[in-house]
Amino acid sequence: MSLEALIFDVDGTLADTEETHRQAFNQAFCAFGLDWSWTPQRYRRLLRVTGGKERIASHLESLLLESEEQARLRQLIPEIHAAKTRYYKLRVGLGRVRPRAGVRRLLNEARAAGVRLAIASTTSPENIEALLSATFGSEALSWFEAIVTGDVVARKKPAPDVYLQALAALGLHAAQAIALEDSAIGVQAAKGAGLFALATPSSWTRYEDFSGADLVLPSLAAPDLDTAHPSRFGAGYVGLAYLAGVHAAFCMP
Ligand code: XBP
Ligand code: MG
């Protein structure tokens, strides 16, 4: 089956956003008078929990608090997370979050070639809208035929739900698409949906186990890779022709 669509994860894949998320979480904790401050080391561990609300709940469970205080704070999680989302959107809106290397060119190449685009992410629609418009331009939202997010499926990644829903929305079989991810959890979700999984580990996930991925590249701009076959990366980045080739090999019976 030919390559009909690229299904992108968002955080860590389209752009390296997790530092902005981390700062927004800490800003929200401060606004609620909580003496919580997630260091990069602590946040890297917490990233194993997908979903901001679930991540806060996981942190809360790790604290030795009186049951009444635990219950009070658990009730507050939706409000804390809503504040975090507001702070995240404000930070992204400053325009300092740039696309990861090679992403913009691959998106443009896919659009020019009629390869369809979709998103399968754990984050919220409003975070995606803020990121796409600030980082890729106001029209970027229209490039993606389907945007499936964590809160509209029963189970977040590593469950395959968001990828299955994206395939259903595209009306495609898993063999007709490629998933692009930055994390082992995301690769697990993509594989659970039967997709070819291309991993481009981010600065937050580079030490994770990507043995489940079908292809692992440092980024989508890998000029130094395979210099013996420069044509395989087009103009020094991972182009559609290369992806269609590895996808065809994957789908070969
Ligand atoms: C990464 C996530 C999200 C973000 C935080 O999503 O797990 O939870 O870290 O965003 P992706 P929220 O699947 O795009 O890599 O606070 O909105 O959850
Ligand atoms: Mg991700």
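Read on for an overview of the structure. (Residues numbered from 1 in each chain as written. Chains lettered and ligands numbered in written order. Predicted model: local features only at pLDDT ≥ 70, side-chain atom pairs only at ≥ 80, totals over all residues. Heavy atoms only, no water.)

1. Observations concerning the coordination of the magnesium ion (ligand 2)
Looking at the magnesium ion (ligand 2), one finds its protein donor set to be D9 (OD), D11 (O) and D182 (OD), positioned 2.1 to 2.3 Å from the metal centre. Taken in chain order, the donor set of the magnesium ion (ligand 2) reads D-x1-D-x170-D. Overall, the relative accessible area of 10% leaves D11 in the buried class. (Donors = N, O, S within 2.8 Å, 3.2 Å for Na, K, Ca; no water. Buried < 20%, exposed > 50% of the residue type's maximum accessible area, 1.4 Å probe, protein only.)

2. A look at the pairing of strand β2 (residues 116-120)
When you tally the buried positions in β2, you get four out of five residues, the bulk of the element. Of the strand pairs in this sheet, strand β1 (residues 5-8) and β2 are connected by four bridges, and their pairing is parallel. Its bridge partner lying in β2, F8 is registered against I119. Judged from the three bridges that link them, β2 and strand β3 (residues 146-148) form a sheet pairing that is parallel. Note that in β3 the partner of I119 across the bridge is I147. Once the chain exits β2 it traverses helix α6 (residues 125-136) before rejoining the sheet at β3, and the crossover so formed is right-handed. (Helix = DSSP H or I, 4+ residues; strand = E, 2+ residues; numbered from the N terminus. Pairing = 2+ DSSP bridges. Right-handed = clockwise from strand over helix to strand, strands pointing away.)

3. Remarks on the site of ligand 1
If you check the shell around ligand 1, you find 19 residues, and the closest are D9, G52, K84, S121 and T123. The backbone of V10 places a nitrogen or oxygen atom 3.4 Å from an oxygen atom of ligand 1. Within the contact set of ligand 1, an oxygen atom lies 2.7 Å away from a side-chain nitrogen or oxygen of H81. When the free accessible area of ligand 1 is taken as 440 Å², the share hidden by the protein chains comes to 95%. Secondary structure elements with two or more residues in the shell around ligand 1: α1 (18-31), α3 (52-61) and α4 (67-93). It is α1 that provides the largest number of residues to the shell around ligand 1, a total of three residues. The class makeup of the residues in the shell around ligand 1 is three nonpolar, 10 polar and six charged. Mapping the shell around ligand 1 onto the domain boundaries places at least three of its residues in each of domain 1 (5-16 + 99-251) and domain 2 (18-93). (Near = heavy atom within 4 Å. Polar contact = N/O pair within 3.5 Å; in protein donor to acceptor, adjacent residues only side chain to side chain. Areas by Shrake-Rupley, 256 points an atom, 1.4 Å probe, with all protein chains shown as cover. Nonpolar A, V, L, I, M, F, W, Y, C, P; charged D, E, K, R; others polar. Domains from an automatic or database assignment.)

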